[in-house]
Amino acid sequence: MPTLDEAVTAVLTPVFATGTEIGAELALDEVSVTTAGRRQVVRVIVDRAGDEPGDLDMDAVAAASTAVSQALDDSDVLGEVPYTLEVSSPGVDRPLTTPRHWSRAQGRLVLAVLADGSTLMVRVDSVDEAGVHTVGEPQMVKGKPPRAKDVGALRHLTWAELVRGEVQVEFRRHDEDVEDLVADPDQPDEDDDFDDEGTEDEQ
């Protein structure tokens, strides 16, 4: 027997079907139903249809909210229990778990969590059937700049390697010159010059 989340998703899927007016603009991303007192709260996350990056059309979101409400009212999936409907876009903390998620994140800085338990800080360049093409963009740790060879390194991450991606909030433009932030490859490793607290050892 399907869960209530799955049953509601089945009711709402036709609203976002390819070929419909709403489906041309938006995709159904996630549905969750929770109980709050005597009411149920139906949370519907919608995203821009297709794989290309871009912002959501708020008029389309409003139209989707009306259509979703009508579909729920026309069905008996929630029974006689009153409900509150919340239709919104995915937040920046939504993990990237599908090819479409990764495609929508092109150009964004992402912490890639890999199947072997390691992580990589990368910028999403492009996505294909085999995985995600990325550009290495490691960040400073404890005030230590990343190694020059790691910045801008190209790597293709296969779908089998990827567990999820976590979009990072950036405090500088991604096209900003990072030359001053990169460790000089001709200098000794900074671990020789800094203690565990990141303060310079006395000479």
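Residues numbered from 1 in each chain as written. Predicted model: local features only at pLDDT ≥ 70, side-chain atom pairs only at ≥ 80, totals over all residues. Heavy atoms only, no water.

Quick look at the overall build of the chain
Going by this rule: Helix and strand assignments come from DSSP, with helices taken as H or I runs of at least 4 residues and strands as E runs of at least 2, each series counted from the N terminus. Note on classification: 1.4 Å probe, protein chains only; a residue is buried when its accessible area is under 20% of the maximum for its type, exposed when over 50%, partly exposed between these limits. Two residues qualify as a contact provided that any one of their heavy atoms is within 4.5 Å of a heavy atom in the partner residue. All accessible-area figures derive from a Shrake-Rupley calculation using a 1.4 Å probe, and residue coverage is judged against the displayed protein chains alone.
Regarding its fold elements, the chain presents 3 helices and 8 strands. In sequence order, the secondary structure elements of the chain are arranged as α-β-β-α-β-α-β-β-β-β-β. By the burial criterion, 29% of the 203 residues in the chain qualify as buried. Pairs at least 24 residues apart make up 57% of the contacts formed inside the chain by residues separated by at least 6 positions. Entry remark: accessible area of the chain is about 12,600 Å², with carbon and sulfur atoms responsible for 49%.

Let's talk about the confidence of the model for the chain
What counts is decided by this rule: Per-residue confidence from the predictor is reported as pLDDT, which spans 0 to 100.
Model confidence for the chain is summarised by a mean pLDDT of 82, while 84% of its residues fall at 70 or above. Under a pLDDT of 50 for its full length, residues 175-203 has, in the predicted model, 30 contacts with residues more than four places off or in other chains.

A look at the nonpolar core
Here is the rule we go by: We define a nonpolar core as any set of buried Ala, Val, Leu, Ile, Met, Phe, Trp, Tyr and Cys residues linked to one another through side-chain atoms lying within 4.5 Å.
Within the largest apolar cluster, 22 residues are counted, with the highest numbers of intra-cluster contacts made by Val-8, Leu-12, Phe-16, Leu-26, Val-42 and Leu-72. Among the elements of the structure, helix H1 (4-12), strand E1 (26-36), strand E2 (39-48), helix H2 (58-74) and strand E3 (83-88) are those that each provide at least two residues to this core. The leading source of residues in this core is H2, at 6 residues. Excluding its chain neighbours within four sequence positions, the residues that come into contact with Val-8 are Val-31, Val-33, Val-42, Leu-72, Val-77 and Leu-78. Core analysis: the second largest hydrophobic core is formed by 12 residues, Ala-112, Leu-114, Val-124 and Leu-162 among them.

Some points on a negative patch on the surface
To keep things clear, this is the line we draw: Surface patches are drawn from residues lacking salt bridges whose relative accessible area is over 30%; two like charges belong together within 9 Å, two nonpolar side chains (Val, Leu, Ile, Met, Phe, Trp, Tyr) within 5 Å. We count a salt bridge whenever a side-chain nitrogen from Lys or Arg sits within 4 Å of a carboxyl oxygen from Asp or Glu. Within this scheme the basic residues Lys and Arg register as positive and the acidic residues Asp and Glu register as negative, but His and the chain ends are omitted. All charge positions are set by atom: Lys at NZ, Arg at CZ, Asp at CG, Glu at CD.
A contiguous patch of negative charge, built from Glu-21, Glu-25, Asp-57 and Asp-59, is present on the exposed surface. Residue placement: Glu-21 occurs in the loop between H1 and E1. The class of Glu-21 is exposed, set by a relative accessible area of 74%.

Observations regarding the sheet that holds strand E8 (residues 162-167)
Applied cut-off: In this description, strands pair whenever DSSP reports at least two bridges between them. Each axis is a line fitted through C-alpha atoms, taken for helices only over the stretch in contact, and angles between the N-to-C directions span 0 to 180 degrees.
Here we have 5 strands laid out as an open sheet, ordered E7-E6-E5-E4-E8, and antiparallel in their pairing. What marks the edges here is a single partner per strand, and that holds for strand E7 (154-158) and E8. Across the sheet, the mean angle separating the axes of adjacent strands is 45° when strand polarity is ignored. As paired strands, strand E5 (residues 119-127) and strand E6 (residues 131-136) are joined by 5 bridges and run antiparallel to one another. Bridging from a neighbouring strand, Ser-126 pairs with His-133 of E6.

Observations concerning the pairing of E2
What counts is decided by this rule: Handedness is read with the strands pointing away from the viewer; a crossover is right-handed when the path from the first strand over the helix to the second is clockwise.
Most of E2 is tucked away: 7 of the 10 residues are buried. Of the pairings in the sheet, the one linking E1 to E2 comprises 10 bridges and is antiparallel in character. In the strand pairing of E2, Leu-28 is matched with Val-46. Hairpin geometry of E1 and E2 is characterised by an intervening segment of 2 residues between the two adjacent antiparallel strands and by a positive phi of about 70° at Gly-37. Relative to E3, E2 is paired through 6 bridges, and the arrangement is parallel. Within the sheet, the bridge partner assigned to Val-44 lies in E3 and is Val-87. Handedness of the E2-H2-E3 crossover: right-handed.

Some words on the pattern of salt bridges
Once the charged atoms of two side chains with opposite charge are near each other, the side chains can pair. Per the stated rule, a full pass over the model turns up 10 salt bridges. Between Arg-94 and Asp-29 there is a salt bridge, with the nearest N and O atoms lying 2.7 Å from each other. With Arg-94 in the loop between E3 and helix H3 (99-104) and Asp-29 in strand E1, this pair connects stretches of sequence that are 65 residues apart. What makes Arg-94 buried here is its relative accessible area of 15%. Across the salt bridge formed by Arg-104 and Asp-47, the nearest N and O atoms sit 2.8 Å from each other. You can see Arg-104 sitting in helix H3 and its partner Asp-47 sitting in strand E2, a full 57 residues away along the chain. Looking at Asp-47, the relative accessible area reads 2%, which means it is buried. A cluster of three or more residues bridged by salt bridges with shared partners is formed by Asp-29, Asp-47, Arg-94, Arg-100 and Arg-104.

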